[in-house]
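# Commentary on secondary and tertiary structure
Below are the chains, spelled out letter by letter.
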Amino acid sequence: MKHKEVITKIIKILIMILVFLSGFLFMTVVWLIRTWSDLTAGEIIYHMTQPINGTNPDMVVSYLLKYLLPVLIVMAPVIALAIFAGKKKKALLVYIIYFAGAICLIIFTGYIIERKFGLLTYVRSYYAATKDGGEDFIGENYVDPKDARLTFPEKKRNVIFIYLESMEMSFADKENGGTFEKNMIPELTEIAKENEDFSGSSDTLEGGVSLTGTNWTMGAMFAQTSGLPLQVSIGGNKMETESEFFPDMVALGDILEDSGYKNYLMIGSEAKFGGRDTYFTQHGNYELLDYNWAIKEGKIPEDYFVWWGFEDEKLFDFAKEELTDLAAKDEPFNFSILTVDTHFEDGWVCRLCDDEFGDNQYANVFACSSRQTAEFVKWIQEQPFYENTTVILSGDHTTMDKDFCKDVPSDYNRRTYVAVLNSPVTPATDKDRSYTTMDIFPTTLAAMGVTIEGDRLGLGTNLYSDKPTLLEETGIKELDELVGKPSAFMTKLSHIVVTTKTLDNIRKTDIKVKADDDGKLVISLPQVRTINISTLEKAELEVENKKTKEVKTYDMTIKPKKNDPNKFSVSAKTDVPESEKGDIIARIYFTTQGIKHYEVFEWTGDED
């Protein structure tokens, strides 16, 4: 076969791959738009950096059958036509049309991505914010819990925090402030009215607004325990390989652990999904009671799997068992659980569900969840430990099921369900409060009897105080825009590390290790061009002895290249003798804008 023919065949194959990828990308975007409501660029980026472990297989199957399979079906005649045309004189025209069509489809898909999600604008804004390094709305308004004076009561109260998946106060009837003719959550409605939802003297329910960065499960749990929207570095690692997740941030779990509490998180899915295990173990050392825990403890069979893992009926039963055991211990506890049956689309119909809403499956599931949650709350109230226990019920975010809420008026303010039970304090005002889910963070502590100096933590305000929330000061639309903008402060706070895998231009062979006249090792990187020297603050060399595990850190000298301002070198003299060269592991780190940002290499002592 001639060289020209080989090249022609390779080009044809590449064009067919491009055609497939253009169809795959387009249908994936269509799936995102049809499946999720109010999907944001930040949420897309976050989930792109997360492990897929624990994802509901039904969602994956739905995507494969409804969106990917059609691409493959369409590709069959396309390939057949290409093969047939390959035997004709007009074959070149066919491939030109294919190539042009694929490019046009990719451009059109990019237009949709930008129009629907603002992804390209977000990425540009992110890099602009990172480069500027200046203050932003989040940084200017953040109240660091490390600097706040928190005073716990002499007898510390337990807290049971129930995250209700996709639960909105909107699902109540119009008479109670909802938007439906028939109340889907009558039991939860009564709980909120009889306890505290911060609606003041109003007869209608009040709830939390889910802002950008707080409107999916992990973002919501992060917001309600830290008072911040969840933003991560675009260049950051996946959580499954990340050793530190917002290490400088103090969250609810950290505060409670430092105050002698034992933290627990029970969920009916895998804790690994969405980085929940990373966050909750690093901020409060939570004991994770998830789907895998249930199998290990023999609570469910090894092959048991429904919906996302196990259903809420089992979740509440397991929670009763664990709470009974915890109450017997002489230590305060924070027991958090996350329901799952009401996850979109349409929810999980368990054996306890009725059909009071006919063929509206999702409504039936919400009604079932309302009954189950109310029964669980009633059980808690009957236990001896309830006297010294605060209970928080909070929807994690508003539902993402587009079809279910298609008839909700566009000017209706959808809010998450909120109810606080058995708090030792009462609100300082009887006004109907406007608040976001980030306000739940300081409010939870206040509901436990903790006094908060200044009544603000993170971006959240203690709703028991008369201090206005950021939402009351700013308004929903403006606050959502301010919170949704990429934040240099959040990038710095996250401390996401970018590893060598993302820095292909720097190789181990670039590293020079040699002894100086004193017999001490000098380690250098002669040429660096993947990092903007104008943003570089320092370079550090970390040397670890493989035998003793002793680690020493050295500041490195940074020298710009005279003939190329985009390149520079770094070097450091160590006190390690040449005789120990084979025993060391050397690592270089660069710091930009306060972030130990790049792990450039790891030299293991067995290379020259």
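What you see is a predicted model; the values in this text were computed from it and never measured. (Residues numbered from 1 in each chain as written. Predicted model: local features only at pLDDT ≥ 70, side-chain atom pairs only at ≥ 80, totals over all residues. Heavy atoms only, no water.)

This part is about the pairing of strand 14 (residues 520–528). Bridging between strand 13 (residues 512–515) and strand 14 involves four bridges; their strand directions are antiparallel. Paired with Ala515 across the two strands is Leu521, which belongs to strand 14. (Pairing = 2+ DSSP bridges. Helix = DSSP H or I, 4+ residues; strand = E, 2+ residues; numbered from the N terminus.)

Our next topic: the pairing of strand 15 (residues 536–545). Along strand 15, eight of the ten residues are buried, which leaves the element largely enclosed by surrounding structure. Here strand 15 runs beside strand 16 (residues 551–555); their pairing, made up of five bridges, is antiparallel. Residue pairing in the sheet places Leu541 in a bridge with Tyr554 of strand 16. From the end of strand 15 to the start of strand 16, which pair antiparallel, there are five residues, and Lys549 there has a positive phi angle of about 65°. (Buried < 20%, exposed > 50% of the residue type's maximum accessible area, 1.4 Å probe, protein only.)

Confidence in the prediction of the protein, expressed as mean pLDDT, is 82, and 79% of residues score 70 or more. Counting interchain partners and residues more than four positions distant, the pLDDT-below-50 stretch residues 233–243 has 37 contacts. Ignoring residues within four places in sequence, the model shows residues 496–509, a span with pLDDT below 50, making 32 contacts including any to other chains. (pLDDT = per-residue confidence, 0-100. Contact = heavy atoms within 4.5 Å.)

Now for the sheet that holds strand 4 (residues 262–267). Strand order in this open sheet of eight strands is 5-4-6-2-7-8-3-9, and the pairing throughout is mixed. The outermost strands of the open sheet, each flanked by one partner alone, are strand 5 (287–289) and strand 9 (435–436). Of the pairings in the sheet, the one linking strand 4 to strand 6 (residues 333–338) comprises six bridges and is parallel in character. In the sheet register, Asn263 faces strand 6, and the bridge partner there is Asn334. Sitting on the sheet, helix 12 (residues 312–327) is in contact with strand 2 (158–164), strand 4, strand 5 and strand 6, with an inclination near 175° to strand 6. (Axes fitted to C-alpha atoms, helices over the stretch in contact; angles between N-to-C directions.)

Looking now at the nonpolar core. Counting residues in hydrophobic clusters, the biggest one holds 113 residues, and the most contacted among them are Phe222, Phe335, Leu393, Tyr417 and Leu445. For this core, the leading source of residues is helix 13 (residues 361–381), giving nine residues. In contact with Tyr417, other than residues within four places in its own chain, are Leu164, Met167, Glu168, Met169, Ile185, Leu188, Thr189, Ile191, Ala192, Leu393, Ser394 and Gly395. Judged by nonpolar contacts, the second largest core, of 21 residues, contains Leu521, Leu541, Tyr554 and Phe590. (Core = buried A, V, L, I, M, F, W, Y, C linked by side-chain atoms within 4.5 Å.)

This brings us to the pattern of salt bridges. Summed over the entire model, instances satisfying the criterion amount to 19 salt bridges. Here Arg414 ties to Glu168 by a salt bridge, and the two come within 2.6 Å at their closest N and O atoms. Pair noted here: Arg414 is in the loop between strand 7 (389–395) and strand 8 (416–421) and Glu168 is in the loop between strand 2 and helix 7 (186–194), with a separation of 246 residues, a long-range link. For the pair shown, Arg414 and Glu168 are each scored as buried. A salt bridge links Glu321 to Lys299; the shortest N-O distance between them is 2.7 Å. Of this pair, Glu321 sits in helix 12 while Lys299 is found in the loop between helix 11 (291–296) and helix 12, placing the two residues 22 residues apart along the sequence. Classification of Glu321 as partly exposed rests on a relative accessible area of 39%. (Salt bridge = Lys/Arg side-chain N within 4 Å of Asp/Glu carboxyl O.)

Located in the positive-phi region is Asn285, a residue other than glycine, with phi close to 50°. Secondary-structure assignment places Asn285 in the loop between helix 10 (276–282) and strand 5. For Asn285, a relative accessible area of 43% translates into the label partly exposed. In the Ramachandran plot, Asp346 falls in the positive-phi region, its phi being about 70° despite a non-glycine side chain. When you line up the elements, Asp346 lands in the loop between strand 6 and helix 13.

What follows deals with the environment of Phe245. Of note, Phe245 is situated in the loop between helix 8 (217–226) and helix 9 (252–258). The spacing of Phe245 and Thr278 is 33 residues in sequence and 7.1 Å in space, taken between C-alpha atoms.

Helix 14 (residues 440–447) sits mainly inside the fold: eight of its eight residues count as buried. What helix 14 keeps buried is the set Ile440, Phe441, Pro442, Thr443, Thr444, Leu445, Ala446 and Ala447. Just beyond helix 14, the residue with positive phi is Gly449, at close to 90°.

There is a patch of nonpolar side chains on the surface, built from Ile10, Ile13, Leu14, Ile17, Leu21, Phe24 and Leu25 and spanning about 610 Å² of accessible area. Here Phe24 lies in helix 1 (residues 3–35). (Patch = residues over 30% accessible without salt bridge, like charges linked within 9 Å, V, L, I, M, F, W, Y side chains within 5 Å. Areas by Shrake-Rupley, 256 points an atom, 1.4 Å probe, with all protein chains shown as cover.)

The subject of this paragraph is the state of the cysteines. What the rule picks out here adds up to zero disulfides. The thiol of Cys350 is unpaired, and the distance to the nearest cysteine sulfur, on Cys368, comes to 3.8 Å. (Disulfide = S-S within 2.5 Å.)

Turning our eyes to something else, we now look at helix 13. For helix 13, with 21 residues, the first-to-last C-alpha span of 30 Å sits near the 30 Å given by 1.5 Å per residue. For helix 13, a buried count of 16 out of 21 residues is recorded, marking the element as mostly surrounded by other parts of the structure. (Expected span 1.5 Å × (residues − 1).)

With that settled, consider the packing of helix 7 against helix 13. Relative to each other, helix 7 and helix 13 sit at 45°, their axes nearing to 7 Å. Classified by the angle between their axes, helix 7 and helix 13 sit oblique to one another. Contacts between helix 7 and helix 13 involve Pro186, Glu187, Leu188 and Ile191 on the former and, on the latter, Ala367, Ser370, Arg371, Thr373, Ala374 and Val377. In terms of residue class, the contact of helix 7 with helix 13 is built from six nonpolar, two polar and two charged. (Parallel < 35°, antiparallel > 145°, perpendicular 65-115°, else oblique. Nonpolar A, V, L, I, M, F, W, Y, C, P; charged D, E, K, R; others polar.)

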